[in-house]
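Close look at the chain arrangement
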Amino acid sequence: MALHGVLNVNKPDGWTSHDVVQRLRSGLGIQKVGHAGTLDPHATGVLPILIGKGTKIAQYLLGWDKEYGAVLQLGQRTDTQDAWGTVLEESPVESLTEDRIRSVFSTFQGSVQQVPPMYSAVKIGGQPLYKKARRGETVDRPAKTVVIHDIEIQRLNIPEVAFRVVCSKGTYVRTLCEDIGNILQVGGHLKWLQRRRVGPIHVDQAVEIESLLGGLEFSRLDGAFWGLDQALEGFPAVEVDGDDARKVLHGNAISWDRVVNSYLEQKVSLMGDNLVRVKQKDGQLLALGRGPVFQSAKGGPVLAIETVFA
């Protein structure tokens, strides 16, 4: 099956992201399968599955922003920051008001500091934190800056708060729920989570795993499968031809004055060291590169090749 690109899968509840990869690899008979952006086992929604040469572009997709639908349960703090952990503390919520909850939510708009949860894949000392947590260990974790682009309460029925959040990569919605609960002084955890969007990939176009394994053809996926060029179309394109195309496929840099600046037609300004799609004039995607990059050995700016799709 000569398919290369990104498959938009609706991850089922109870499956790890690795489970999905393994099941599709065996069920579809495709060896090169990966994913871009882990989802917790009990979360559902968009899981971008990388197929074939699509496994080469994971690093370029991880920076996409993400949108989630979530439910915060107030009044309980758990060791995993979600509903599937052990309850550590319970607090009454009778004193909470809608105005107070809305006020606290509004403070999480913009750049915020988050401490990664112990039950996460973040590595400290070369080992994922969740392995330490399973041994009952707790270690200091440095806070990191994440960006909450938008957060909106959609239903408020104390002690539950349903909300929508658009955030940068690396944001833990579990941690967001606990942090909000702590500021409200009653504790809180994540009760339900659905990833609705990863970059331009939406859950309403996602395909169910069972449909794929049941023989659904990729040609009938109605927007759930993205080829490499489509998945990377957020990056401006440049064109090469002839011998330069052959050099690109060998990973060789090309003098910048030989590159056709297709991005000018896209009204994208190029001001040095931009990540660009490198295409032949017939539209075939050859590689991802950076340019213009100055290389003294070349005597001027070049298109440097990062990832070849040959």
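Below you will find a few notes about this structure. (Residues numbered from 1 in each chain as written. Predicted model: local features only at pLDDT ≥ 70, side-chain atom pairs only at ≥ 80, totals over all residues. Heavy atoms only, no water.)

**Quick look at the environment of leucine 288**
Basically, it comes down to this: Helix and strand assignments follow DSSP, with helices taken as H or I runs no shorter than four residues and strands as E runs no shorter than two, numbered in order from the N terminus. When checking whether two residues touch, look at their non-hydrogen atoms; a contact exists if any pair is within 4.5 Å.
Looking at where leucine 288 falls in the secondary structure, it is placed in strand E19 (residues 285-295). It is 36 Å that separates the C-alpha atoms of leucine 288 and glycine 14, two residues lying 274 residues apart in sequence. Dropping the residues within four chain positions of it, leucine 288 is found in contact with Tyr60, Leu232, Phe235, Val276, Arg277, Val278, Ile305, Glu306, Thr307 and Phe309.

**Regarding the pairing of strand E10 (residues 144-157)**
The two faces of the sheet receive side chains in turn, since in a regular strand these alternate between them. The line we're drawing: At least two bridges found by DSSP between two strands is the condition for calling them paired.
Where strand E7 (residues 110-114) and E10 come together, 5 bridges link them in antiparallel fashion. The residue bridging valine 112 from the neighbouring strand is valine 146, located in E10. Joining the antiparallel neighbours E10 and strand E11 (residues 160-167) is a turn of 2 residues.

**A closer look at helix H3 (residues 98-106)**
What counts here: Partly exposed residues are those whose accessible area sits between 20% and 50% of the maximum for their type, while under 20% is buried and over 50% is exposed, using a 1.4 Å probe and protein chains only. Here the arc refers to the set of directions running from the helix axis out to each C-beta atom.
All buried positions along H3 are accounted for by Ile101, Val104 and Phe105. Buried positions in H3, seen along its axis, are confined to an arc of 105 degrees and lie on one side of it. Buried-residue contacts for H3 involve strand E4 (66-74), E10, E11 and helix H5 (173-183).

**Some words on the packing of aromatic side chains**
Given two aromatic rings, their pairing is described by the distance between the two centres and the angle made by the two planes. Let me state the cut-off plainly: A pair of aromatic rings is counted whenever rings of Phe, Tyr or Trp (Trp by its six-membered ring) have centres within 6.5 Å, and the orientation is called stacked for planes under 30 degrees apart, edge-to-face for over 60 and tilted otherwise.
According to the stated counting rule, one finds 1 aromatic pair in the structure shown. Residues phenylalanine 105 and phenylalanine 163 carry aromatic rings whose centres are separated by 5.3 Å and whose planes lie at 70 degrees to one another, so their mutual orientation is edge-to-face. Highlighted residues: phenylalanine 105 in helix H3 and phenylalanine 163 in strand E11, separated in sequence by 58 residues. The buried category is assigned to phenylalanine 105, whose relative accessible area is 3%.

**Brief notes about unusual backbone geometry**
That bond from isoleucine 158 to proline 159 is cis: its omega, 15 degrees, falls within 30 degrees of zero. Looking along the chain, the bond that leaves glycine 291 and enters proline 292 is cis, with omega of -5 degrees. A positive phi is found at glutamine 81, a non-glycine position, where the angle reads about 70 degrees. Within the element layout of this structure, glutamine 81 appears in the loop between strand E5 (76-78) and strand E6 (87-90). Here glutamine 185, not a glycine, exhibits a phi torsion of approximately 65 degrees, which is positive. Secondary-structure assignment places glutamine 185 in the loop between H5 and strand E12 (188-198).

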